Amino acid sequence: MSQESATVQLLSPEGTLLRSEATERYLPVIDALDEQQLLDFHRQMVVIRRFDLEAGNLQRQGQLALWIPSMGQEAAQVGSGYAARPQDHIFPSYREHVVGRIRGLDPLEIIRQLRGNSHGGWDAAANGNFHLYAIVLSSQTLHATGYAMGLRFDGAIASGDPESDQAVIVYYGDGASSEGDVHESMVFAASYQTPQVFFLQNNQWAISVPVSRQSRTPLYERAAGYGIPSLQIDGNDVLAAYATTRIALDEARGAAGRASLRP
Ligand SMILES: Cc1ncc(C[n+]2csc(CCOP(=O)(O)OP(=O)(O)O)c2C)c(N)n1
Ligand SMILES: [Mg+2]
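Residues numbered from 1 in each chain as written. Chains lettered and ligands numbered in written order. Predicted model: local features only at pLDDT ≥ 70, side-chain atom pairs only at ≥ 80, totals over all residues. Heavy atoms only, no water.

With an unreviewed UniProt entry as reference, the chain is termed 2-oxoisovalerate dehydrogenase subunit alpha, source organism Pseudolysinimonas kribbensis. The annotation that UniProt attaches to the chain under Function (unreviewed entry) is "The branched-chain alpha-keto dehydrogenase complex catalyzes the overall conversion of alpha-keto acids to acyl-CoA and CO(2). It contains multiple copies of three enzymatic components: branched-chain alpha-keto acid decarboxylase (E1), lipoamide acyltransferase (E2) and lipoamide dehydrogenase (E3)." UniProt lists a comment for the chain under the heading Cofactor (unreviewed entry), and it reads "thiamine diphosphate". (UniProt positions renumbered as here; feature names shortened; annotations may be inferred.)

**Some points on the packing of helix α2 (residues 35-60) against helix α3 (residues 74-83)**
Closest axis-to-axis distance for the α2/α3 pair is 10 Å, and the angle between their directions is 130 degrees. The orientation of α2 relative to α3 falls into the category oblique. Our pair here, α2 against α3, has a crossing hand that is right-handed. Contacts between α2 and α3 involve Asp40, Phe41, Gln44, Met45, Ile48 and Arg49 on the former and, on the latter, Glu74, Ala75, Val78 and Tyr82. In the contact of α2 with α3, the residues fall into six nonpolar, one polar and three charged. (Axes fitted to C-alpha atoms, helices over the stretch in contact; angles between N-to-C directions. Helix = DSSP H or I, 4+ residues; strand = E, 2+ residues; numbered from the N terminus. Parallel < 35°, antiparallel > 145°, perpendicular 65-115°, else oblique. Left-handed = near helix turned anticlockwise from the far one by under 90°. Contact = heavy atoms within 4.5 Å. Nonpolar A, V, L, I, M, F, W, Y, C, P; charged D, E, K, R; others polar.)

**Here's the deal with the nonpolar core**
Formed by 47 residues in total, the largest nonpolar core has its most connected members in Leu10 and Trp67. Breaking this core down by element, the ones donating at least two residues are α1 (27-31), α2, α3, α4 (97-102), α5 (108-115), β2 (168-173), β3 (196-201) and α9 (238-254). Looking at this core, the element that brings in the most residues is α9, giving nine residues. In contact with Leu10, not counting residues within four places along its chain, are Thr16, Leu17, Leu18, Thr23, Tyr26, Ile30, Asp237, Leu239, Ala240 and Ala243. Membership of the second largest hydrophobic core comes to 18 residues, among which are Leu151, Met186, Ala189 and Ala223. (Core = buried A, V, L, I, M, F, W, Y, C linked by side-chain atoms within 4.5 Å. Buried < 20%, exposed > 50% of the residue type's maximum accessible area, 1.4 Å probe, protein only.)

**Comments concerning the pairing of β2**
Burial analysis of β2 places five of its six residues in the buried class, which makes it a mostly covered element. When strand β1 (residues 89-91) meets β2, the two strands line up parallel, connected through three bridges. Residue pairing for β2: His89 is matched across the bridge by Val168. Taken together, the six bridges between β2 and β3 define a ladder with parallel strand orientation. Looking at the pairing, Val170 lines up with Phe198 of β3. A crossover connection joins β2 to the parallel β3 through helix α7 (residues 180-191); in handedness this β-α-β unit is right-handed. (Pairing = 2+ DSSP bridges. Right-handed = clockwise from strand over helix to strand, strands pointing away.)

**Considering the coordination of the magnesium ion (ligand 2)**
Ligation of the magnesium ion (ligand 2) by protein atoms is provided by Asp174 (OD), Asn203 (OD1) and Trp205 (O), these donors lying 2.0 to 2.2 Å from the ion. In terms of primary sequence, the donors binding the magnesium ion (ligand 2) are separated according to D-x28-N-x1-W. Given the relative accessible area of 48%, Trp205 is considered partly exposed. (Donors = N, O, S within 2.8 Å, 3.2 Å for Na, K, Ca; no water.)

**Let's talk about the pattern of salt bridges**
Pairing between side chains of opposite charge can happen when the charged atoms of each approach one another. Within the structure shown, the criterion is met by nine salt bridges. Across the pair Arg112 and Glu109 runs a salt bridge whose closest N-O atoms are separated by 3.1 Å. With Arg112 and Glu109 both in helix α5 and three residues apart, the pair spans about one turn of that helix. Residues participating in the shared-partner salt-bridge network are Arg85, Asp88, Glu163, Asp250 and Arg253. (Salt bridge = Lys/Arg side-chain N within 4 Å of Asp/Glu carboxyl O.)

Right, dumping it as structure tokens:
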């Protein structure tokens, strides 16, 4: 995947699939989906919004210490969540409730954690390799890169079989991208050519600080400085999230041309 400047959008505002030169690269990935899978995308987005509203209400009633809403980020999360293959490892931030649900995590586990009834989370191995939430901003990018380095050292990548080669996806926010941990992660990811996707959800705010104060350039362009290919997608477009993440993860696990690299 090379550096691309236009924002990837596969759905029109009316919800129809855009078939054009700009989208043709992604269409085979979308055309491979059947109607049931598309309905599942929609159902997951609707269900998690309802769950999110209920949890927000519980927090306002004093039943939860904290709630981290996912409203408005459903499409980015559902598309990328379904793009990961079963053997992949997911390192979330603290907002990817529906990604956890897609990987088999009971969302009540998240409620238990934020109610203080569990001491930190769930068993990732028993929940689709969906790792624990990270409240310390960006720390998960280091965990993800370390894990992805391990995959390379173990030879778990680049066999040419996307059904067994493993990859890693890590979620983080626009504010988190200002933390040093992201810089260190990207340096190691590029140096060791890790089988990994950095999925930055730019919701424009880090609590009260706008993204315009965090960066003078679009955040996805920073990746070029590390030698990491990147692109920007419309986060409200579930099909764009699915297709771009599926392709990026498969390129990462395939590690084309990099198999001879050794630590
Ligand atoms: C290392 C660290 N510094 C500060 C905080 C406090 N904090 C929690 S959320 C947040 C803003 C994060 O913004 P962003 O990365 O854009 O993610 P979003 O919440 O918008 O998804 C901050 C500063 C923290 N959790 N960890
Ligand atoms: Mg943000």
